[in-house]
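Coordinate analysis (summary)
For reference, the chains in residue letters:
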Amino acid sequence: YRRIRKPGGTYFFTVVTHARRPVFQDGEFRSCLRQILEKTQSQYLFYEKAMVILPDHLHCIWRLPEGDSDYSKRWRIIKGSFTHWFRSKGNDGRIWQNRFWEHIIRDNEDFARHFDYIHYNPVKHALVDSPAKWEFSTFHKYFEKGWYSEDWGSAEPENLRNMNCVGE
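Computed from a predicted model, the values in this text were never measured in an experiment.

**What to know about the sheet that holds strand β2 (residues 47-53)**
- Spatial strand order, β2-β3-β1-β4: 4 strands in an open sheet with antiparallel pairing. Two strands bound the open sheet, and with one partner strand each, they are β2 and β4 (101-104). Sheet twist, expressed as the average angle between the axes of neighbouring strands with direction ignored, equals 15 degrees.
- For β2 and strand β3 (residues 57-63), the ladder comprises 6 bridges, and the chain directions are antiparallel. Note on β3: the bridge partner recorded for V52 is H59.
- Lying over the sheet, helix α2 (residues 71-88) contacts β1 (10-16), β3 and β4, oriented at roughly 140 degrees with respect to β3.

**Observations concerning the packing of aromatic side chains**
- Applying the stated criterion across every chain yields a total of 31 aromatic pairs.
- Between F29 and W85 the ring centres are 5.4 Å apart and the planes differ by 85 degrees, which places this aromatic pair in the edge-to-face class. Here W85 lies in helix α2 and F29 lies in helix α1 (residues 27-43), a separation of 56 residues in the sequence. Pair check on accessibility: F29 and W85 agree, each one buried.
- When the centroid spacing of 6.1 Å and the interplanar angle of 40 degrees are considered together, the rings of W75 and F100 count as tilted. Within this pair, whereas W75 is found in helix α2, its partner F100 is found in the loop between α2 and β4, the two being separated by 25 residues in sequence.
- W75 sits in the buried class, given a relative accessible area of 1%.
- Overall, F100 belongs to the buried group, its relative accessible area being 12%.
- Put simply, the rings of F111, F115, Y120, F139, Y142, F143, W147, Y148 and W152 touch in pairs and so form one group of aromatic residues.
- Here the basic side chain of K145 rests over the ring of W147, its NZ or CZ set 5.8 Å away from the ring centre.

**Looking at the pattern of salt bridges**
- The final tally for this structure, using the stated rule, is 8 salt bridges.
- R34 is paired through a salt bridge with E48; the nearest N and O atoms lie 3.2 Å apart. Here the residue R34 occupies a position in helix α1, and E48 occupies one in strand β2, the gap between them amounting to 14 residues.
- What makes R34 partly exposed here is its relative accessible area of 25%.
- Since its relative accessible area comes to 18%, E48 is described here as buried.

What counts and how
- Numbering of residues begins from 1 in every chain and follows the order in which that chain's sequence is written.
- The model is predicted, so local features are restricted to residues of pLDDT at least 70 and side-chain atom pairs to those at 80 or more, both for listing and for counting; the totals for chains, interfaces and linings are taken over all residues.
- Water and hydrogen atoms were dropped before computing side-chain values, which therefore reflect all heavy atoms in the structure.
- Strands are treated as partners if at least two bridges between them are detected by DSSP.
- A run of H or I in DSSP counts as a helix once it spans at least four residues, and a run of E counts as a strand once it spans at least two, with each numbered from the N terminus.
- Helix axes are fitted to C-alpha atoms over the stretch in contact, other axes to C-alpha atoms as well, and angles between N-to-C directions run from 0 to 180 degrees.
- We call two residues in contact whenever any of their non-hydrogen atoms come within 4.5 Å of each other.
- Two rings from Phe, Tyr or Trp (for Trp, the six-membered ring) form a pair when their centres sit within 6.5 Å of each other. Planes less than 30 degrees apart are called stacked, planes more than 60 degrees apart edge-to-face, and all others tilted.
- We call a residue buried when its accessible area falls under 20% of the maximum for its residue type, exposed when it is over 50%, and partly exposed in between, using a 1.4 Å probe and counting protein chains only.
- Each ring is checked for a lysine NZ or an arginine CZ that lies within 6 Å of its centre and within 35 degrees of its normal; such an atom marks a charge sitting over the ring.
- Here, a salt bridge means any side-chain nitrogen of Lys or Arg that lies within 4 Å of a carboxyl oxygen of Asp or Glu.

So, in structure tokens, the structure goes:
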């Protein structure tokens, strides 16, 4: 599998649990994942632009530092660290699907579509009827900045019609 790598690039990712196991329904597991993401980010810099954590997968947009294109290393650390923690709690079995799906963001329009896709995803999966009602998303950060209205995403945004992401 060949991945596109652009130093300093901005990427959209989908990472899915093994067999769609709803691991992240558990608050302790979500919290641990956030801590691992933050620790990895402090050790191997990346700029998280958007994220949503759903019961069985997550989506995010990262921008990597200039001269750096090694997002695979970051995901290997994140997935490995979470798996180690999960097993240390007496759990067994696989946690993650092999690999992850990435898409390089090409331009501002592509960024906006994927940004909105992330924030609309809990509605798409019928977990809530509005992105504002999903706690585990950067939607709230951007709502506070005035980028979204509280009722945004109550209906499918026009820029997302006919958009599907591999790995969903």
